[in-house]
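# Notes for the structure review
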Amino acid sequence: MVLREDRYFSAEPTQRDLARSLYTLVNKLPLICPHGHVEPHILAADYYEWGTPVDVLIIPDHYIFRMLYSQGIALEALGLAPLHGGAVETDHRKIWQTVCDHWYLFRGTPSDLWMRDELHDIFDCDQQLNSANAQTIYDELTAKLRDPAFQPRRLFERFNIEVLATTDQATSTLADHQALTNSGWSGRVVPTLRPDKVVNITHDFAAEVEALSAVARVDIVDYQSYIAALEQRRHFFKEQGATATDHFAQSAYTERLSERAADGIFQRALKGQTSPEDVRRFTGHMLTEFARMSIDDGLVMQLHIGSLRDHNPDLLQRFGRDMGADIPTTSEFTHNLKPLLDLYGRDSALTLILFNLDETTYGRELAPLAGHYPALRVGPPWWFYDSVLGMRRYFAAIIETAGIYNTAGFNDDTRAYPSIPVRHDLWRRVSADWLAGLVVEGRVEEEDACEMVVDLAYGLAKKTYHLDR
Amino acid sequence: MVLREDRYFSAEPTQRDLARSLYTLVNKLPLICPHGHVEPHILAADYYEWGTPVDVLIIPDHYIFRMLYSQGIALEALGLAPLHGGAVETDHRKIWQTVCDHWYLFRGTPSDLWMRDELHDIFDCDQQLNSANAQTIYDELTAKLRDPAFQPRRLFERFNIEVLATTDQATSTLADHQALTNSGWSGRVVPTLRPDKVVNITHDFAAEVEALSAVARVDIVDYQSYIAALEQRRHFFKEQGATATDHFAQSAYTERLSERAADGIFQRALKGQTSPEDVRRFTGHMLTEFARMSIDDGLVMQLHIGSLRDHNPDLLQRFGRDMGADIPTTSEFTHNLKPLLDLYGRDSALTLILFNLDETTYGRELAPLAGHYPALRVGPPWWFYDSVLGMRRYFAAIIETAGIYNTAGFNDDTRAYPSIPVRHDLWRRVSADWLAGLVVEGRVEEEDACEMVVDLAYGLAKKTYHLDR
Amino acid sequence: MVLREDRYFSAEPTQRDLARSLYTLVNKLPLICPHGHVEPHILAADYYEWGTPVDVLIIPDHYIFRMLYSQGIALEALGLAPLHGGAVETDHRKIWQTVCDHWYLFRGTPSDLWMRDELHDIFDCDQQLNSANAQTIYDELTAKLRDPAFQPRRLFERFNIEVLATTDQATSTLADHQALTNSGWSGRVVPTLRPDKVVNITHDFAAEVEALSAVARVDIVDYQSYIAALEQRRHFFKEQGATATDHFAQSAYTERLSERAADGIFQRALKGQTSPEDVRRFTGHMLTEFARMSIDDGLVMQLHIGSLRDHNPDLLQRFGRDMGADIPTTSEFTHNLKPLLDLYGRDSALTLILFNLDETTYGRELAPLAGHYPALRVGPPWWFYDSVLGMRRYFAAIIETAGIYNTAGFNDDTRAYPSIPVRHDLWRRVSADWLAGLVVEGRVEEEDACEMVVDLAYGLAKKTYHLDR
């Protein structure tokens, strides 16, 4: 029905033709990957052992195992091991068969598109997963994973990645990044500081602060020295190439506490004696504090909010955190972010990129905010909305108010390293098609669309994340 | 402009051609009607007297009289009689003329499409209602309603209904269903237990409990015996063919009370001494309790939330409940449903189908929840969203995250028996067109779409509601 | 790519052809402008000095300067003068160059479309703004603004404006309107009463009440005389041709206070001693009171809610109110408006037109409310949603439930007088294209669409605002 080269373009012939033409301007551009969860040790190792196709394509992918779980397939049957022991399927051929037997569940989802495109583009395998071909494909993938051309650094070059940012704890020594630098390999892999654990006063705060103290070589005794240690980490990360930090919070609530009030909560937190109100205020205060630090050191600040993580207590207890049970909630920025913006919103020295999972905020709050405050940019569609329709709704809701130049371009946010190119490709196709629609409806000039498609595919991410500096 | 056979398909020729082709795979499939409000006595009677076209097409249809009321036409002028007496138009020819004089108000609404399709497909009348043809059409409809071929059981066969579920109070003896069974007629008509009245502690609770006690033959003296009586009703309904229950609540709030706390509220409720907090907690507790019972007896649980019913106090006082003045509110599932899901969400023995009137929850909450929890399914678009665009937005917002196999297919939810086929037809057309769009954009393979269109039209409803058991 | 005459129409050829055909039915109809912010003195003056292109096209347009500010351009650099002195760019040629250098920021926004269409249709200038042509265009515009044909009354005739409503403070003497009437010119320019300042008890209430007292010639000593003064203003505005009032509130909260409670708050407000709860209740009460007055005197009531105005405290302090820093919030109507609707919602003598900036309310609350209550109409998409996609989403979310006859047609809401025709033109094009889509999908008959396009472009606004009386 549809030529493979026209996938994700509109069916309308004029728009499709133009989409194809715009897409050819960007499909070979280098990949800018300013936010994601690829583990740096994959690239630091001289030789990386991928494991089986299940290790690479199924076990790390919560999009996939959450869907299978929703239809009654136990995580153990997919090779995910319970934390505290118990039966788990170890026969990866059998797991692969189970996945393929149920692959029909993914019809119409981005997982299906990513898998199909990844098999085709990366693994040279031009078939749709099903029960019949499961074992044949397993064999083909296994062979590929053993091919030296599949070693991560070779893929980095083949994927044409210009820069790849990882996400790293504040207490990380960035040993893998240093090893990579020392290896003499030319690929640019930069860390990103994610200080959530050392800011979350509800979970092992004293232990986290102790670890922070040790790695930063700062004797943390109060709020002031705590801030000094965080500033040390920012400085260290920046020296290692970081251009950004990343923050998760339940909501976008911000405020500015007095130093005395902040120290009061800090001291209670060390003793494990905080109230929910303490948690809310300290989290909101620290976001404001990180914005201040960003103005000082120039690191771009990313804020992800709006997900109730680990919603399923059975999975949390048996498998731990981040098992696909994130459930979005309503988000609010207009009031919540105002205290931070009152202080720093008008300052172009701050770049604060906002992500969330409540699409109603796109047109109502994010676009009006980013279309006004110099410090704000809207991040690309996240998690469940990193999809053809998620992207289309994002463009539709945001651009009329904020324009594209108040957005942050694309980032793949993936933990699945071999899926990086197909995720960028999907964005580039949807962008090209969206722009083609604007042109054929007389809403943008064709020559402008030619510039915009490059900005969306490449320029905006590079500039917004200071990767051009 | 548009051929009748292509209605509700996209204008784009390639998509339209494929939509037509997919539609032909399902347009003759039997109708699965697992949720609706057809009164069983229509079918139980040996001869059913339909009354006038106004009795059949106007008076029972709140979509129609709410729109006419919004433009200043009194309900009395449409033949709806005030509860406590007063003038009401009894000349149905005159009412029909009033409706036709104002039919232009429905341009662009599903009521117009249903009426047009129903007149054409069911009544062989190929005209659009207007002032000029009102009386002629009235005559034609009157004649049809007197035709023996229009008797409800004949229509049931003509409509190719495989199964029709009614909605019945917990205190119902299901006499009509028993009469139907005893009649020897082969049509499958099953009851659905709707226990709202015997759970709603704000309205005549003591009287409802007394009625429940009598019909269940359980001496209800406390919370424990109250639960026993409800379980008896579930057992009885299941014996009569029921496969599901249906529950309405203002919100999706759930919790699990201790038996002692539940009994405390129950006892206060019998005395009419409950607080709003009691109401909220008891309602939320009973939803959790019904989920537990569903796991025990296998009845599918439906939950409809999010409407502020009887918003117009003048109509409520003069005409009673359910006069078209339902106004939706924001809904919330992520937090509200968590207590129930903590207990039962991972259990595939429970099927909990969620309906609501806040479309923002589709992508943000319902799809992520149903795409994770084995117990959850998303019900089709309800009330104001049972429409071409309501369906398109439903597919667009839900399927990328949850897939189609975590949805419950379609149900017509109608109280207008002769409108059943056209409502399914509209769903089947919109489904086919949506799938055609996925294929022509390279997002789904055509052969998969051929399976999906059948699942959406027939298979999913049958399976989800256990009508295949 | 796209012929200029086909702009904003769908790319699909059949739909486009029909859209063009429907558009020709309305593109020459007179303009009904029932709500906007054109200053009446522009038309009252015998000769109006426009000033420079920057005075006309940039300085009054918050869409434009908010976007430029979001990218770090100071308002002072755009010619906006701080309230309390300080440097401001006065070289308008330089400002114009700055704007043109950054015009690429507006790609994909309605500002770009309005500017392009206004330059083309009104100023005979067929170029897109850019750095290279900035000064040439500046010269062309300057010459046009000095042309006698550009005098406001000549433009009024050229634009084919049938009626233009201004927005005026309750304390206004309407001197400009009286001057216009006395001038003998035939153009219909009517005032609209906007009593927000004399109802807002948080800002200089005593002074506002004193001014109201003076202009109304009512000695305001208590709530009762305050109401009498407001009623006097309504009477006076109506005598001067007003058919409507306009109200802004943070939320749609309404209630009905006893006269004694209202007077209590009123007296505290005069002394500047109100609580936030007083403010909320008094605002909600006054909305209800204004609805009562509307029933008495027949003035149509407009309600705009849902924007957090003056979000940026730095701009508020330095430049004052309304500097483009309005940020929308979630809105709620179902509960908030109920007290008012309980009293007056069923009364066709009231016309209450609702506007807001939370699109989620369109389908969930506004359409169900307007599709039921005789008193309610939905206003056209406002502020950030006065755009191609804003209009499409509006039609998509509202019409299936409320029909078009419960909407208020279009109003341009502009303070940029020369932009009036292009704003109506955009609405007429998008309406025609939307209707064409309904026809080609078999959802509306073509002959009905021919009537609907005229109603949307002309009839509904005229009727809803009582401009046909």
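Report follows, based on the coordinates.

How each quantity is defined
Residues numbered from 1 in each chain as written. Chains lettered and ligands numbered in written order. Predicted model: local features only at pLDDT ≥ 70, side-chain atom pairs only at ≥ 80, totals over all residues. Heavy atoms only, no water. Salt bridge = Lys/Arg side-chain N within 4 Å of Asp/Glu carboxyl O. Helix = DSSP H or I, 4+ residues; strand = E, 2+ residues; numbered from the N terminus. Buried < 20%, exposed > 50% of the residue type's maximum accessible area, 1.4 Å probe, protein only. Contact = heavy atoms within 4.5 Å. Buried area = accessible area lost by both parts, 1.4 Å probe. Polar contact = N/O pair within 3.5 Å; in protein donor to acceptor, adjacent residues only side chain to side chain. Nonpolar A, V, L, I, M, F, W, Y, C, P; charged D, E, K, R; others polar. Pairing = 2+ DSSP bridges. Least-squares fit on C-alpha atoms with pLDDT ≥ 70 in both. Axes fitted to C-alpha atoms, helices over the stretch in contact; angles between N-to-C directions. Parallel < 35°, antiparallel > 145°, perpendicular 65-115°, else oblique. Left-handed = near helix turned anticlockwise from the far one by under 90°.

## Description of the pattern of salt bridges
Going through the model one piece at a time under the given rule, you end up with 126 salt bridges over all chains. Across the pair C:Arg7 and C:Asp117 runs a salt bridge, and its minimum N-O distance is 3.3 Å. Separated by 110 residues along the polypeptide, C:Arg7 in the segment before helix H1 (13–23) and C:Asp117 in helix H6 (residues 110–121) bring together distant segments of the chain. With relative accessibility at 5%, the residue C:Arg7 sits in the buried group. With relative accessibility at 0%, the residue C:Asp117 sits in the buried group. For C:Glu89, the salt bridge goes to C:Lys94, with nearest N and O atoms at 3.5 Å. On the accessibility criterion, C:Glu89 (22% relative accessible area) is partly exposed. By relative accessible area, C:Lys94 is classed as partly exposed at 49%. If you follow the salt bridges from partner to partner, you end up with A:Arg4, A:Arg7, A:Arg116, A:Asp117, A:Asp121, A:Asp425, A:Arg429 and B:Glu445 in one network.

## Examining the interface of chain A and chain B
Contact residues are listed per partner, giving 49 residues for chain A and 42 residues for chain B. For the pair chain A and chain B, the summed buried surface comes to about 3,900 Å²; carbon and sulfur atoms form 55% of the total. At the junction of chain A and chain B, the tally comes to six salt bridges. The shortest N-O distance in the salt bridge between B:Asp448 and A:Arg107 comes to 3.4 Å. Between chain A and chain B we count 26 residue pairs in polar contact (both at pLDDT 80 or more) in total. Counting residues per element, the ones that place at least two in the side of chain A that touches chain B are helix H1 (13–23), helix H4 (62–70), helix H6 (110–121), helix H15 (313–319), strand E9 (327–328) and helix H18 (388–402) of chain A. When residues of the side of chain A that touches chain B are assigned to their parent elements, the largest contribution, five residues, is made by H18(A).

## A short note on the interface of chain C and chain A
Listed as interface residues are 49 residues of chain C and, on the opposing side, 42 residues of chain A. At the junction of chain C and chain A, the tally comes to six salt bridges. A:Glu441 is paired through a salt bridge with C:Arg392; the nearest N and O atoms lie 2.9 Å apart. If you look at where chain C meets chain A, you find 26 residue pairs in polar contact (both at pLDDT 80 or more). Here the side of chain C that touches chain A takes five residues from helix H18 (residues 388–402) of chain C, the largest share from any one element. Residues belonging to the side of chain C that touches chain A are distributed by class as follows: 23 nonpolar, 15 polar and 11 charged.

## Digging into the sheet that holds strand E4 (residues 189–190) of chain C
Residue and element names in this part refer to chain C. Across the sheet, three strands lie side by side as E1-E2-E4; this open sheet has parallel pairing. Whereas interior strands pair on both sides, the edge strands pair on one side only; in this sheet they are strand E1 (31–33) and E4. Summarising the sheet, E1 and strand E2 (residues 161–165) pair through three bridges and their orientation is parallel. Across the sheet, residue Leu 31 finds its bridge partner in E2, namely Ile 161.

## Focus: the relation of the copies chain A and chain B
Related by rotation about an axis and a shift along that axis, the two copies of the chain form a pair. When chain A is fitted to chain B, the residual RMSD is 0.0 Å, and the transformation amounts to a turn of 120 degrees plus an axial shift of 0.0 Å. Taken together, the rotation and translation describe the operation of a three-fold axis. For chain A, the smallest separation between a C-alpha atom and the rotation axis is recorded for A:Glu12, amounting to 3.7 Å. Of all interface residues in chain A, a mere 4% are interface residues in chain B too; the two copies therefore contact each other through different surfaces.

## Notes on the pairing of strand E7 (residues 300–305) of chain C
All names here are of chain C. Of all six residues that make up E7, six are buried, and the element is covered over most of its length. In terms of strand pairing, E7 meets strand E10 (residues 352–356) through five bridges, oriented parallel. Residue pairing across strands places His 304 opposite Phe 355, the latter belonging to E10.

## Observations concerning the side chain of C:Thr288
Within the element layout of this structure, C:Thr288 appears in helix H14 (residues 276–297). Other than its neighbours up to four places away in sequence, C:Thr288 contacts C:Thr254, C:Glu255, C:Arg256, C:Leu340, C:Leu343 and C:Tyr344.

## Points about the relation of the copies chain C and chain A
When chain C is fitted onto chain A, the two copies agree to an RMSD of 0.0 Å after a turn of 120 degrees and an axial shift of 0.0 Å. In this assembly the copies use different faces: only 4% of the residues contributing to the interface of chain C also contribute to that of chain A.

## Let's talk about the packing of helix H19 (residues 420–440) of chain B against helix H20 (residues 446–464) of chain B
All names here are of chain B. Where H19 meets H20, the axes come as close as 10 Å, and the angle between the chain directions of the two elements is 160 degrees. It follows from the interaxial angle that H19 and H20 lie roughly antiparallel. Seen from above, H19 lies across H20 with right-handed handedness. Contact residues: H19 offers Trp 427, Arg 428, Ser 431, Ala 432, Trp 434, Leu 435 and Val 439, while H20 offers Glu 446, Ala 449, Met 452, Val 453, Leu 456 and Ala 457. Across the contact of H19 with H20, the residue classes tally to 10 nonpolar, one polar and two charged.

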